[in-house]
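Spelled out from the first residue to the last, the chains are:
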Amino acid sequence: MKLPVSIAVNGSATSSEVEPRLLLVHYLRDVLGLTGTNVGCDTSQCGSCTVLIDGEAVKSCTVLAVQADGSDITTIEGLAQDGELHPIQQAFWDNHGLQCGFCTPGMILTATEILKKNPRADEHEVRHGLEGNICRCTGYENIVKSIVAAQSAKPAKKRASKKGAA
Amino acid sequence: MGYVGSSVKRVEDPRFIQGKGAYVANIELPKMVYLAVKRSPYGHAKITKINTKKAKAHPGVVAVFTGQDLIDSGVGVMPCGWNVPDIQIPVRQALTVDKARHVGDGIAVVAAEHPYIAADAVELIDVSYEPLPAVVDARKTTDVGVPQIHDNVAENTSFEWSLGDKEACDKAFSEADHIVDLELTNQRLIANAMEPRACVAQWNHATEEMTVWTTSQNPQPIRLLLSAFTLGIPENRLRVISPDVGGGFGSKIFHYPEEVITPWIAREINRPAKWVATRSESSVTDSQGRDHITLARMALKKDGEISGVHVSTWANMGGYLSTFAPLIPTAFYITLFAGLYKMKGVWGEVFGTITNTVPVDAYRGAGRPEASYVIERLVDVAAHELGMDPVELRRKNFIGKDEFPYQTPVALQYDSGDYHAIFDKATSIANYTKMRSDQDEARSSGRLVGVGVSGCIEASGPAPSAVAGALGSAVGFWESGVVRVHPSGKVTVLTGSHSHGQGHETTFAQIIADELGIDMGDIEVVHGDTGRIPFGMGTYGSRSAAVGGSALVKSAEKVREKLKKIAAHQLEASVEDMVYDQKEGKVYVKGSPDKAKPFGELAFAAYSAHNLPEGLEPGLDETSFYDPANFTFPNSAHIAQVEIDPETGEVDIQRYIAVDDVGNVINPMLVEAQIQGGIAQGAGQALWEQGVYDENGQLLTASLMEYAMPRAHAFPRFEIGRVETPSPHNPLGVKGAGEMGTIASTVCIANAVMDALAPLGIRHLDMPLTPEKIWNAISAVGQRTTAKVEYFGGD
Amino acid sequence: MYSTSFDYYRPKNLKEAITLLRKHKDAKLLAGGHSLIPAMKLRVSSPSAVIDIARIRGLDGIKASKSGVRIGGMTTHAAVESSKDLHKTCPVLSETAGHIGDIQVRNRGTIGGSLAHADPAADYPTVLLALDADIVATGAKGKRKIPADEFFVDLFTTGLKAGEVLTEVSVPAMKAGQGACYLKHRHPASSYAVVGVAAFVALKNGVVKEARLAIGGVTSTPVLVESVDASLAGQPPSTKAISEACEDVPAALEYPLGDVYASGEYRTHLATVLSRRALTEAVSRAKKQK
Ligand SMILES: Cc1cc2nc3c(=O)[nH]c(=O)nc-3n(C[C@H](O)[C@H](O)[C@H](O)COP(=O)(O)OP(=O)(O)OC[C@H]3O[C@@H](n4cnc5c(N)ncnc54)[C@H](O)[C@@H]3O)c2cc1C
Ligand code: FES
Ligand code: FES
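Cut-off values and rules
- Residues numbered from 1 in each chain as written.
- Chains lettered and ligands numbered in written order.
- Predicted model: local features only at pLDDT ≥ 70, side-chain atom pairs only at ≥ 80, totals over all residues.
- Heavy atoms only, no water.
- Helix = DSSP H or I, 4+ residues; strand = E, 2+ residues; numbered from the N terminus.
- Rg over C-alpha atoms; globule rule 2.2 N^0.38 Å.
- Contact = heavy atoms within 4.5 Å.
- Areas by Shrake-Rupley, 256 points an atom, 1.4 Å probe, with all protein chains shown as cover.
- Lys, Arg positive; Asp, Glu negative; His and termini not counted.
- Charge placed at Lys NZ, Arg CZ, Asp CG, Glu CD.
- Phe/Tyr/Trp six-rings, centres within 6.5 Å; stacked < 30°, edge-to-face > 60°.
- Lys NZ or Arg CZ within 6 Å of the ring centre and 35° of its normal.
- Buried area = accessible area lost by both parts, 1.4 Å probe.
- Salt bridge = Lys/Arg side-chain N within 4 Å of Asp/Glu carboxyl O.
- Polar contact = N/O pair within 3.5 Å; in protein donor to acceptor, adjacent residues only side chain to side chain.
- Nonpolar A, V, L, I, M, F, W, Y, C, P; charged D, E, K, R; others polar.
- Buried < 20%, exposed > 50% of the residue type's maximum accessible area, 1.4 Å probe, protein only.
- Expected span 1.5 Å × (residues − 1).
- Pairing = 2+ DSSP bridges.
- Axes fitted to C-alpha atoms, helices over the stretch in contact; angles between N-to-C directions.
- Domains from an automatic or database assignment.
- Near = heavy atom within 4 Å.

(A) The arrangement of the overall build of chain A in detail. The helix and strand tally for chain A stands at five helices and five strands. Starting at the N terminus and walking to the C terminus, you meet the elements of chain A as β-β-α-β-β-β-α-α-α-α. The C-alpha radius of gyration of chain A comes to 16 Å, within 12% of the 15 Å expected for a compact globule of 166 residues. Overall, the C-alpha framework of chain A stretches about 60 × 35 × 25 Å when taken along its three principal axes. Here the analysis covers contacts within chain A between residues at least 6 apart in sequence; of these, 58% occur between residues at least 24 apart. Of the accessible surface of chain A, which amounts to about 5,400 Å², a share of 50% is contributed by carbon and sulfur atoms. Across chain A, 16 positive and 18 negative side-chain charges occur, with their mean positions spaced 10 Å apart.

Next comes the structure, spelled out in structure tokens:
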């Protein structure tokens, strides 16, 4: 069985005939060639594959392309607008929030969701918001720092963090 | 220009944060086939029959091959690059033909038009097995009834190795006032770099040239091994590329079967081929880490002077010897047993045994965390038993800062350090005295608060090639570096070391910018492609800056010398009188800086060649090979505070303080981040991570559903400090920053947990220190003593 | 890994879904897919057809009133976690939802899927048992209510009949003097519950009127520890009374499950500790609930 899907990705309409078993992440990577979304595991644990479906952070390795039919998807490639980095991308760069970069697209897209849900997330809340994302390189410290810094760029008031306020 | 020493933002980041990372799995080529490997579900089994008929007939399948096909076409066995004396090296085929020796051992491979079809077809391959009894425990390989896993490895013991002054050691113990005895298990770990391994190969039928893209930390050695041992394609027709690599931690050093199979198939069917591991596949095919069982003893005097250690270790090598496996528990392990201390009587022995588990090789720290774990656990237990503060006991035994270079009894000569200074800084950041008094207070109200300390040393920056050769290496460990100045003054820097997260494109540009006095933006750093930089040894052992950076400094020096010659000629002065201004990037005659020749103009002159001194070749392209004179010796003082929930055994890391001496620092932000990442990774070993095999060799933690990786919410913010004692023997004065975080944090956190449990009389528990293990120990105490354990039942 | 091939249907309404279910005997309903798709990728589940009910109107949403809360089967964990109505009427449900997996999982996974899947390590089943919830199943013959304590039959097995869709969960609202709490020992790798404990307490005139304690993760289905009610009812909820009531927890946990991370014995112990803590917290919330 092959089925037609139409999915808006980063603002552009895309469509294709796909096997129902095709995972969204493979639709993005293999059908559309958008390889910014990475695959780091096969049990939905690592979050490397996180994209936004209709604005919500989702692990694209755990969604069928046919389930996403008709939806609006943002991948890491679509985050910068008019050549300008998204504030979270900028914050990751400024705060050295990445090393090998493999987890980074997933981290950044999850961060958009953390800050959407809680624009004043403190360090502790950011750490919990990253429950579904694994990074082997950074020890998370600079990832957390980047996300906190990205939100403080907005006028939200910073709260003290519970842990490690040193 | 003053780039070195400052926290320059990474130049590689824009591509990563925008999803433009060039990982191997992203490569798509026309007419590509996708591979899937049939793997053994058994730890140990005879293969009696392989039926590939159904798989071959499956629509979309291009070809199916077995190990025999590879052997028939002349593919060689997987090499082991480190040969200690009398070693028995098991035969390892890229695809096994006779027996499966660990779960995940490859047996056959499918090439198909689509990865999903390859996965379907692999299930259609029918392998008949005769399961055999298995052994997974390093110390049980010689037990009665345990089968011999390889015909040529008697008693499943591949090698035995020892080092040290046995006489001095025996003397220390016979004269000791106090002896600490410990049996320690350093558990099996899975590296789990977030990018699973992958390989892509393209064969050019016309020119008979092969290109292999692989997720390697060292494409140049892979090219050598592919060429000389396995695939047999001559090096000059073989290009190996490791583009962006998503973390390595050692697991991507080695030459893997899939690196042989993929190009072999590409040539065989004359179509590009691609293999990408799934995570679960990585769990049973990436070489794993650690897995030691150790009997350790430390001899001390009444006053706390450490006089000797005596260590016997059974190192589990897995079902085959991975590329550098024998090095890790030998020359990277026993040589570190002197720690930070002046002890004389050091002796250690190791038995490298073969088991029905995934092969074991270097994993972040590689041998040195194992050594630190042994020594720093012993020191900690000694402090508790002698009633001394663990910092005091350590301080009492430190090698003094004036005693460098310091020759240890186990072969190494430490280059530099100031161990009191790192502890001064760490205890001051921690406010150690207060930490201890707070702990006393917490204890008196029944809380289990622990403070752990570790003082670690590492030999990094491998290695002087002659020393490596004497210790068993088949190769040298120099590094090559090219500084190629273009006529426009732009510079390409090529290094044989490799970044898989470390940030070479930034730090190496910082180095060369300062060496030549030019703008960092004019420099591009290239690595990981034998087509552009054919010679090199790659990145591991925290060697990039110390060895790779030094090679580049040498090349930059050559560039400067050549530019001085050209400038001297043009300014009609003698070369001896020329000054190269590294701040401004210009050359002038001593005393007349106003009449300087700028870098760009001289670079152009080197190529226009209109006016060069006689005999000087045109061009400005310098290559150097740097062979280090010694290892470098980063060292560290770490302090952790933990609290244990006495009812559940859960450990909460409350504070973590790390002071490291990694020599001179090129980019503090990047170095600090290496330490941070290392701390988390080491904490993972202390508290959560463990590769668990059942007695049949099944890996029970083969996916991220079972194998617990450290997560963000488990950590406080790390408190990091730095002491710099430059390494005296490399031009940058750098040591190595990649591994110390991991080496130091594992034992530091283990010590903290054991310190928390000490009042209950619990002396040692093996890692990972899981809640259940701790609870078991606590409740065993509860049963030993009649006193009701206070902590239960509060509101 | 990749799943085996299957046919995919996206029915427009419930009736069509039920008809499809009856037609394709080994078909699976697909809700959020966060249990089904991982199982299919590992090829431990290989249905020949998948029926996606995610777009059927009226299957999701939270309706709260004074008497109770009705949650549509397709309601996501995230919606339960953030529902302002629930924060007022039954905050423990939001608390529980917030413990499930991670942000991404909560954005996709649904309450109906979680209950129908009946993973022994799931979070919702435990709390619904403690709250005495009803589960509504809709089949060809219409709707029927299944009480939570009859719903969880065994490991991955529920009281749903072939051809039925879980359409709603109904939970009584918290009243004055009532409080509930969910505590979880999270698996460090999978994030599922090693042990999850849900406590519900109703107080009247300073004594316990009713106490319901449910424990998940330890046995093949969540267990209601009935002795807790017997032992606490009529008593002031003192630390001592709660501790004593929890002494009976191990006896209620027959054949505890164990794995590499936590043995059955340890799970039983954790259940006892968390029971005491959850009951204590439920009491303190009950005291505050006006
Ligand atoms: C990484 C990860 C972590 C997780 N952690 C947790 C956790 O900590 N705690 C926890 O409780 N869960 C956890 N889960 C599971 C998650 O909550 C799932 O979303 C949930 O169990 C299933 O809901 P779903 O909507 O995704 O169902 P699906 O996966 O779509 O379906 C699951 C099963 O239920 C059936 N089904 C679905 N909907 C209905 C219905 N309305 N009527 C009848 N049958 C139906 C399906 O046919 C299928 O058999 C985790 C999942 C992942 C991937
Ligand atoms: S690849 Fe999707 S969670 Fe790991
Ligand atoms: S930066 Fe490498 S995994 Fe996160």
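Text resumes after the structure shown.
(B) Region of the structure containing the packing of aromatic side chains. Residue and element names in this part refer to chain B. According to the stated counting rule, one finds 24 aromatic pairs over all chains in the structure shown. When the ring of Tyr656 is compared with that of Phe718, the centres are 6.0 Å apart and the planes differ by 75 degrees; the resulting orientation is edge-to-face. Placement of the pair is Tyr656 in strand 27 (residues 651–661) and Phe718 in strand 28 (residues 718–722), with a sequence separation of 62 residues. Ring geometry for Trp688 against Phe715: centres 5.8 Å apart, planes inclined by 90 degrees, an arrangement best described as edge-to-face. Of this pair, Trp688 sits in the loop between helix 17 (668–687) and strand 28 while Phe715 is found in the loop between helix 17 and strand 28, placing the two residues 27 residues apart along the sequence. Every member of this aromatic cluster is reached through a ring pair, and the members are Tyr341, Phe398, Phe404, Tyr419 and Phe423. It is Arg139 that lies over the ring of Trp314; its NZ or CZ is 5.6 Å from the centre. It is Arg267 that lies over the ring of Trp203; its NZ or CZ is 5.9 Å from the centre.

(C) Spotlight on the interface of chain C and chain B. Listed per partner, the contact involves 23 residues of chain C and 29 residues of chain B. At the boundary of chain C with chain B, total buried surface from both sides reaches about 2,200 Å², with 56% on carbon and sulfur atoms. Summed over the shared surface of chain C and chain B, the result is five salt bridges. The partner of Glu647 of chain B in a salt bridge is Arg277 of chain C, and the shortest N-O contact between them spans 2.6 Å. Here chain C and chain B share twelve residue pairs in polar contact (both at pLDDT 80 or more) between them. Only strand 11 (178–186) and helix 13 (264–288) of chain C provide two or more residues apiece to the side of chain C that touches chain B. Broken down by element, the side of chain C that touches chain B gets its largest block of residues, seven residues, from helix 13 of chain C. Tallied by class, residues from the side of chain C that touches chain B come to eleven nonpolar, seven polar and five charged.

(D) Molecular detail of the interface of chain A and chain B. At the interface, 54 residues of chain A touch 57 residues of chain B. Across the interface of chain A and chain B, roughly 4,700 Å² is buried in total on both sides, 54% from carbon and sulfur atoms. If you sort the residues of chain A by the area they bury against chain B, Trp93, His96 and Arg136 of chain A come out on top, with a joint share of 18%. The interface formed by chain A and chain B holds four salt bridges in total. Looking at the side of chain A that touches chain B, its residues break down into 21 nonpolar, 21 polar and twelve charged.

(E) Region of the structure containing the pattern of salt bridges. Applying the stated criterion across every chain, the model contains 68 salt bridges over all chains. Of the charged contacts, one joins Arg39 of chain B and Glu281 of chain B as a salt bridge, the two residues approaching to 2.9 Å between their closest N and O atoms. Of this pair, Arg39 of chain B sits in strand 1 (residues 33–39) while Glu281 of chain B is found in helix 8 (residues 279–285), placing the two residues 242 residues apart along the sequence. Residues Arg39 of chain B and Glu281 of chain B agree in their burial class; the two are buried. A salt bridge links Arg285 of chain C to Glu281 of chain C, with the nearest nitrogen and oxygen atoms 2.9 Å apart.

(F) Main features of helix 18 (residues 740–757) of chain B. Counted at 1.5 Å a residue, the expected span for helix 18 of chain B with its 18 residues is 26 Å, and the 26 Å between its end C-alpha atoms agrees. Along helix 18 of chain B, 18 of the 18 residues are buried, which leaves the element largely enclosed by surrounding structure.

(G) View of the sheet that holds strand 10 (residues 165–172) of chain C. Residue and element names in this part refer to chain C. Spatial strand order, 4-5-10-6-7: five strands in an open sheet with antiparallel pairing. Each having just a single partner strand, strand 4 (62–64) and strand 7 (142–147) make up the two edges of the open sheet. Averaged over all pairs of adjacent strands, the angle between their axes in this sheet comes to 20 degrees, without regard to strand direction. Bridge count for strand 5 (residues 68–72) against strand 10 is five bridges, and the pairing is antiparallel.

(H) Quick peek at the side chain of Gln220 of chain B. Residues and elements named next belong to chain B. Along the polypeptide, Gln220 turns up in helix 6 (residues 219–230). Here the side chain of Gln220 touches Ile533 through a polar contact of 2.8 Å, landing on its backbone oxygen. Setting aside its immediate chain neighbours within four residues, Gln220 contacts Gly496, Thr530, Ile533, Pro534, Phe535 and Gly536.

(I) Quick look at the domain arrangement of chain B. All names here are of chain B. Structurally, chain B comprises domain 1 (13–132 + 194–247 + 252–285), domain 2 (289–462 + 630–783) and domain 3 (478–626). The distance between the C-alpha centroids of domain 1 and domain 2 comes to 36 Å. Facing 31 residues of domain 1, the contacting portion of domain 2 comprises 26 residues. Contact between domain 1 and domain 2 buries roughly 2,200 Å² in total, counting both sides, with carbon and sulfur atoms accounting for 68%. Ranking the residues of domain 1 by area buried against domain 2 places Trp82, Arg92 and Phe254 at the top, with a combined share of 26%. Where domain 1 packs against domain 2, one counts zero salt bridges. For the pair domain 1 and domain 2, the number of links is eight residue pairs in polar contact (both at pLDDT 80 or more). When its residues are assigned to classes, the side of domain 1 that touches domain 2 shows 16 nonpolar, ten polar and five charged.

(J) Up close: the site of ligand 1. In the vicinity of ligand 1 lie 31 residues, with Leu29, His34, Leu36, Thr110 and Asp123 of chain C positioned nearest. More than one chain reaches ligand 1: its neighbouring residues belong to chains A and C. A distance of 2.6 Å is found between an oxygen atom of ligand 1 and a backbone nitrogen or oxygen belonging to His34 of chain C. Here an oxygen atom of ligand 1 and a side-chain polar atom of Lys184 of chain C are 2.9 Å apart. Looking at the shell around ligand 1, the elements that each hand over two or more residues are strand 2 (28–30), helix 7 (111–117) and strand 10 of chain C. For the shell around ligand 1, the leading source of residues is helix 7 of chain C, giving four residues. Partitioned by chemical class, the residues of the shell around ligand 1 number 13 nonpolar, 15 polar and three charged.

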